[in-house]
Amino acid sequence: MMCADQQFPVIVVGGGVAGITAALDLAGANCPVHLVEKDAVLGGQTARLDKLYPTDHCAFCPVWTQSRLCLTDPLIRVHTHSAIDNITRIKNPSQDPGQDQAQEQELIRVTISRTPNMIDETLCIFCGKCEEICPENAVLPTFTHALPRSFLVDTELCTRCGKCVELCPTNAVDMTRKVEKIEITAKNIIWATGFADTDISALPEFGYGSHPNIMTSLEFESLTAEAGPNRGEILTPEGKVPSHIAFVQCAGARDQRKFSFCSAVCCMHALKQARWVKRRNPGIEVVIFFTDMRTEGRNYYNYYLDAVEKQSISLVRSRPGLICPLPSKDGIAVRYENTLTGKLNTQRFDMVVLNGALDPCSQNKTGPNKTGPDKTGPDKAGQDKAGTDFQPLTDDNGFISGNGGSGDNGDQTLSCGFCRAPADVEMSVIQASCAAIHACMGKGTH
Ligand code: SF4
Ligand code: SF4
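Position labels on residues start from 1 in each chain and follow its written sequence. Key to labels: chains lettered from A, ligands numbered from 1, both in the order written. A pLDDT threshold of at least 70 governs which residues receive local features in this predicted model, and a stricter bar of 80 or more applies before side-chain atom pairs are shown or counted, although totals over entire chains, interfaces and linings include all residues.

Inspection of the region around ligand 1 gives 15 residues, with Cys124, Cys127, Lys129, Cys130 and Cys168 positioned closest. Side-chain classes are defined by residue name, with Ala, Val, Leu, Ile, Met, Phe, Trp, Tyr, Cys and Pro counting as nonpolar, Asp, Glu, Lys and Arg as charged, and the others, Gly among them, as polar. Taken together, the residues that form the shell around ligand 1 break down as 12 nonpolar, two polar and one charged. Each residue receives a C-beta atom placed from its backbone. It is near a molecule or strand if this atom lies within 6 Å of it.

As a further point, take the sheet that holds strand 9 (residues 188-191). Two strands are counted as paired when DSSP detects at least two bridges linking them. The secondary structure listing takes helices from DSSP runs of H or I that are at least 4 residues long and strands from runs of E that are at least 2 residues long, numbered from the N terminus. Spatially, 3-2-1-9-20 is the arrangement adopted by the five strands of the open sheet, whose pairing is parallel. Each edge of the open sheet is held by one strand with a lone partner, namely strand 3 (76-79) and strand 20 (414-415). Taken together, the four bridges between strand 2 (residues 33-36) and strand 3 define a ladder with parallel strand orientation. Its bridge partner lying in strand 3, valine 33 is registered against isoleucine 76.

To continue, consider the packing of helix 6 (residues 266-280) against helix 7 (residues 300-309). In this analysis an axis means a line fitted to C-alpha atoms, helices contributing only their contacting stretch, and an angle means the value between N-to-C directions, from 0 to 180 degrees. With their axes 10 Å apart at the nearest point, helix 6 and helix 7 run at an angle of 40 degrees to one another. Between helix 6 and helix 7, the angle is such that the two are oblique. Judged by the twist between their axes, the crossing of helix 6 over helix 7 is left-handed. On the side of helix 6, the interface is formed by Met268, Leu271, Ala274 and Arg275, while helix 7 contributes Tyr300, Tyr303, Tyr304 and Ala307. If an angle is under 35 degrees, it is roughly parallel; if it is over 145, roughly antiparallel; if it lies from 65 to 115, roughly perpendicular; otherwise it is oblique. By definition, any crossing whose near helix is turned counterclockwise from its far helix by less than a right angle is left-handed, and any crossing with a clockwise turn is right-handed. What counts as a contact here is a pair of residues whose C-beta atoms, placed from the backbone, lie within 7 Å.

Here the focus is the sheet that holds strand 8 (residues 180-186). Strand order in the open sheet made by the three strands is 4-5-8, with antiparallel pairing throughout. Lying at the two open borders of the sheet, with one neighbouring strand each, are strand 4 (82-92) and strand 8. Averaged over all adjacent pairs, the angle separating strand axes in this sheet is 20 degrees, with direction ignored. Pairing between strand 5 (residues 105-114) and strand 8: seven bridges, direction antiparallel. Note that in strand 8 the partner of arginine 109 across the bridge is threonine 185.

And the structure:
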């Protein structure tokens, strides 16, 4: 398929798996794309995963390949460390003198703000000298599979002593880099801003923050990843082999106090993590506390059956009512009611992994790095009335409303992936391709 109008680009906001897919599909249809990502590198949450379900393949291989394609495609311009500042609707007068005014093309003018890292990743050769010399430990590497691999400077810790600037062999460090503004006239915008892990310490029964071994599933993924600190070994943060691990589902999801929606991805995600615990150390006892085991997808149910029947992963239908460190701190107590038998029980675990609280809009609440729609409404400063029409609508949970269609403006907003509705990698990729087709056909925002 070729794009109907190749004169103006499409803006894709969010460089995770959905945004990357939409950008590549658009470029494949000969449509120029600006891909706007708030972080230093492409890949989003998927790049931080160790494995993907139901194949159990490494997550980084496809993400790394797709990121590379984005970075090298002449039709895709990648803006990292960048955010959408402003969107204004404009009319493009018809170039055809025979065409009447009604045929004017509706376009959007988008201002992108780029807050560059002090280290230019295109010059950095990842020698690590800046990290070694920094007296404040302000220089941090990007994650292992980042492309390109580079370092970031924590501007709050950095004292601007200049030691790293002097030592860098490629002159990649520049303390004087300023925020840049780029204005682009585009025909459409696709939101693919994904989700963020959230702090659920406000729900005290889950005990998050009360013990280092009570963690979110994304924290557990980083800790146990092959590219992580323990090279794939299942160890607690203090480096011990755990004997019992609990996975607690719907922690902060399907809960009116936090997120009233089902995160959709968490049951399979917990099964994947539990299976990998067993693969790496069959001696560890694993229990998944679940509300409903949702395994919708090709081969997902077989993946679940394998976990239970072949890998001896225990499932308990329950949402624990209390998770708290033992007084000795040497373990965590989980108090729960088995909702199938009605029996109350308390069990000791070494680690508790909380699954469920994925926030579709939290990355839009991060101050200057705002990259997506804002639930609090558009920033009126410098934005005319027409511009406000293009703020995507969000529902009470922060999901962007609508995707294509012909309803009101919200219904026409193009979005894909978790920022639109709970979606795993497979579903996000399908939605991204649909959004790209809509943008190519001139459907969507206008
Ligand atoms: S010293 Fe320069 S080239 Fe080496 S890792 Fe640091 S920024 Fe990169
Ligand atoms: S300027 Fe000094 S404090 Fe800042 S990152 Fe470089 S070495 Fe560290």
